[in-house]
Amino acid sequence: WSDDGSSCKATAICKNDEIHKVTETGFITKTVKVDATCEESGITTYTAEFDNALFSTQTKDVADIKAIGHNFLVSYEWTADGKTCTGTAICANDEKHKIVESVDCVGVEKKAPTCEESGITTYTAEFDNVLFSVQTKDVVDIDPIGHEYEIIYKWSDDGSSCKATAICKNDE
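As the structure is a computational prediction, the values presented were derived from the model and not from experiment. (Residues numbered from 1 in each chain as written. Predicted model: local features only at pLDDT ≥ 70, side-chain atom pairs only at ≥ 80, totals over all residues. Heavy atoms only, no water.)

(A) Layout of the nonpolar core. Trp78, Cys85, Ala89, Val103, Cys105, Tyr123, Ala125, Phe127, Phe132 and Val139 together form the largest nonpolar core, which totals 10 residues. Elements that contribute at least two residues to this core include exactly β7 (84-91) and β10 (119-125). In this structure Ala89 touches Phe72, Leu73, Val74, His97, Lys98, Ile99, Leu131 and Phe132, once residues within four positions along its chain are discounted. Listed in part, the five residues of the second largest apolar core include Ala10, Ala48, Phe50 and Phe55. (Core = buried A, V, L, I, M, F, W, Y, C linked by side-chain atoms within 4.5 Å. Buried < 20%, exposed > 50% of the residue type's maximum accessible area, 1.4 Å probe, protein only. Helix = DSSP H or I, 4+ residues; strand = E, 2+ residues; numbered from the N terminus. Contact = heavy atoms within 4.5 Å.)

This is the structure we're talking about:
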């Protein structure tokens, strides 16, 4: 047999006289014995058949089908508060090949709260595994700061009236 299974040569030598030899190159067919997986090579069975009745059919198994590799489909799931993100990678070739990584996220204020409106934090998830890319999520999670009034009183020159004005210190 050749190493790659592509050819097989049979030789019969006469026991009484080594000069008498019969040689034939077999007709080769091949079938997949074991399919390749993401990580393992597949196996091909090569079969050699001969015209001469002296030679019997021969087979040889060769691990010559390259592993197909992974084809990961990646998804992300965030907690409602944005503080944790989980990346999940599932191989489209074999769903048993699954990688999961959860990370604590870093939050940075994107929009400051006002007296009446909530502020926004942008959370960033950075993963160790290169299958997962950096993810961000905006969460409205900073409570409004409310009003903090300073009251200014202004009396008329003759003292007959007083005007009160409330000014929010947070709006200055």
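(B) Here's a closer look at the pairing of strand β6 (residues 72-78). By the bridge criterion, seven bridges tie β6 to β7 in an arrangement that is antiparallel. Looking at the pairing, Val74 lines up with Ala89 of β7. Between β6 and β7, which pair antiparallel and follow one another directly, the connecting turn spans five residues, one of which, Gly82, has a positive phi of 75°. (Pairing = 2+ DSSP bridges.)

(C) Up close: the sheet that holds strand β8 (residues 98-104). On the basis of which strands lie adjacent, the open sheet formed by three strands has the order β6-β7-β8 and antiparallel pairing. Of all the strands in the sheet, just β6 and β8 have a single pairing partner and so form its edges. Averaged over neighbouring strand pairs, the angle between their axes works out to 15° when direction is ignored. Inspection of the sheet shows β7 paired to β8 by seven bridges, in the antiparallel sense. Looking at the pairing, Thr86 lines up with Ser102 of β8. (Axes fitted to C-alpha atoms, helices over the stretch in contact; angles between N-to-C directions.)

(D) Spatial organisation of the sheet that holds strand β5 (residues 58-65). One open sheet holds the three strands; their spatial order is β3-β4-β5, and the pairing between them is antiparallel. The two strands at the open ends of the sheet, each matched to only one other strand, are β3 (27-34) and β5. Averaged over all adjacent pairs, the angle separating strand axes in this sheet is 30°, with direction ignored. In terms of strand pairing, β3 meets strand β4 (residues 42-49) through seven bridges, oriented antiparallel. Within β4, the residue paired with Phe27 across the bridge is Glu49.

(E) Fine view of the packing of aromatic side chains. Inspection of every chain in the model, using the stated rule, returns four aromatic pairs. Summarising the aromatic geometry, the rings of Phe50 and Phe55 are spaced 5.5 Å apart at their centres and angled 55° between planes, so their arrangement reads as tilted. This pair shows no difference in class: Phe50 is buried, exactly as Phe55 is. Relative to Phe127, the ring of Tyr76 has its centre 5.7 Å away and its plane inclined at 45°; by these criteria the two rings are tilted. (Phe/Tyr/Trp six-rings, centres within 6.5 Å; stacked < 30°, edge-to-face > 60°.)

(F) How the structure looks around the side chain of Thr45. Mapped onto the fold, Thr45 is located in strand β4. On the basis of relative accessibility, which here comes to 14%, the residue Thr45 falls in the buried class. Here Thr45 is in contact with Thr29, Lys30, Thr31, Lys33, Thr59, Lys60 and Asp61, once residues within four sequence places are set aside.

(G) View of the side chain of Glu101. On the secondary structure map, Glu101 appears in strand β8. Residues within four places of Glu101 in sequence aside, it is in contact with Cys85, Thr86, Gly87, Phe127, Asp128, Asn129 and Phe132.

(H) Broad picture of a nonpolar patch on the surface. A contiguous nonpolar surface patch, about 510 Å² in accessible area, is contributed by Tyr149, Ile151, Tyr153 and Trp155. Among the secondary structure elements, Tyr149 is positioned in strand β12 (residues 149-155). (Patch = residues over 30% accessible without salt bridge, like charges linked within 9 Å, V, L, I, M, F, W, Y side chains within 5 Å. Areas by Shrake-Rupley, 256 points an atom, 1.4 Å probe, with all protein chains shown as cover. Salt bridge = Lys/Arg side-chain N within 4 Å of Asp/Glu carboxyl O.)

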